[in-house]
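An overview of the molecular structure
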Amino acid sequence: VEKHQTGVVSLSPKRKLPYQVCGAAMFAAPTVLAFAAILWCGMYFYRRKLKRPLTLLADAAKQIAEQNLDFELAYPCGDEMGELCRSFEDMREALCENNKAMWNMLEERRLMQASIAHDLRNPIAIIEGYTEYLENVLKGDEMNREKTVRIARNLGAAAKRLEQYTESVRLLNQTEETQIERKTVNAEKLASDIAEDLYLLSEQNGISLQI
């Protein structure tokens, strides 16, 4: 050490400065090279392993934010990023299925509401028809008891159907799914009741009806 210090002191000022710079570089070079190697490895790893899956995930998240689920996220790789992409794809499929189920439910509800609104016209028309018929009959001759009882029964049935339709609308607005309830009816009686209502409506409108 003493010889080394003696040799450094014996150097001229012009040679001493390069010597000191070289000495500092010997200590700094490993640190700089280590940081450069770490930075290069990080950039290489990002480009080789992270850039593509992150780009795919960012694009998929953007499409989902725009409510577009009609795409597929494919990144066939067995590492952690591949697993993350597969999980994201599973989530997209689940969202897509939920959206389809929601759309189908809303479409079924819309069709059911339209059907109920259409069916409401029938009992309303029957009630209006019988009311008009009664007014015309009461202005003239009296009706027999049998006819009066039959009209009253048909008016009650029409009112009952209106009540059922109203209840259906109420239940439709309260529940997520509406189950259709089926029951057995007498076909001959059903046809007879429908024919009687249709005969009344056709007679009032001057229409010839055959059943």
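Read on for a plain summary of the structure.

It is worth spelling out the pattern of salt bridges at this point. Under the definition given, this model contains three salt bridges. Notably, a salt bridge pairs Glu83 with Arg86, separated by 3.1 Å at the nearest N-O pair. Of this pair, Glu83 and Arg86 both sit in helix α3 (residues 80-139), three residues apart, roughly one helical turn. Look at Glu83 and you get partly exposed, because its relative accessible area is 45%. You can call Arg86 partly exposed: its relative accessible area is 37%. Close ionic contact of Arg110 with Glu107 constitutes a salt bridge, the shortest N to O distance being 2.7 Å. In this pair, Arg110 and Glu107 both sit in helix α3, three residues apart, roughly one turn of the helix.

Let's shift gears to the side chain of Gln63. Mapped onto the elements, Gln63 comes out in helix α2 (residues 13-65). One polar contact links Gln63 to Asp59, side chain to side chain, over a distance of 3.0 Å. Residue contacts for Gln63: discarding those within four places in its chain leaves Asn68 and Phe71.

Our next topic: a negative patch on the surface. Where like charges cluster on the molecular surface, the negative patch consists of Glu72, Asp90, Glu93 and Glu97. Counting through the fold element by element, Glu93 comes out in helix α3.

Non-glycine residue Gln67 carries a positive phi angle of around 60°. Relative to the elements of secondary structure, Gln67 occurs in the loop between α2 and α3. For Gln67, a relative accessible area of 73% translates into the label exposed.

Leu57, Ala60, Phe71, Leu73, Tyr75, Met81, Cys85 and Phe88 form the largest nonpolar core, which has eight residues in total. Counting only elements with at least two residues in this core, the list comes to α2 and α3. Among the elements that line this core, the one with the most residues is α3, at three residues. Among residues more than four places away in sequence, those in contact with Phe71 are Ala60, Gln63, Ile64 and Arg92. Listed in part, the seven residues of the second largest apolar core include Ile126, Ile151, Leu200 and Leu201.

What counts and how
Residues numbered from 1 in each chain as written. Predicted model: local features only at pLDDT ≥ 70, side-chain atom pairs only at ≥ 80, totals over all residues. Heavy atoms only, no water. Salt bridge = Lys/Arg side-chain N within 4 Å of Asp/Glu carboxyl O. Helix = DSSP H or I, 4+ residues; strand = E, 2+ residues; numbered from the N terminus. Buried < 20%, exposed > 50% of the residue type's maximum accessible area, 1.4 Å probe, protein only. Polar contact = N/O pair within 3.5 Å; in protein donor to acceptor, adjacent residues only side chain to side chain. Contact = heavy atoms within 4.5 Å. Patch = residues over 30% accessible without salt bridge, like charges linked within 9 Å, V, L, I, M, F, W, Y side chains within 5 Å. Areas by Shrake-Rupley, 256 points an atom, 1.4 Å probe, with all protein chains shown as cover. Lys, Arg positive; Asp, Glu negative; His and termini not counted. Charge placed at Lys NZ, Arg CZ, Asp CG, Glu CD. Core = buried A, V, L, I, M, F, W, Y, C linked by side-chain atoms within 4.5 Å.

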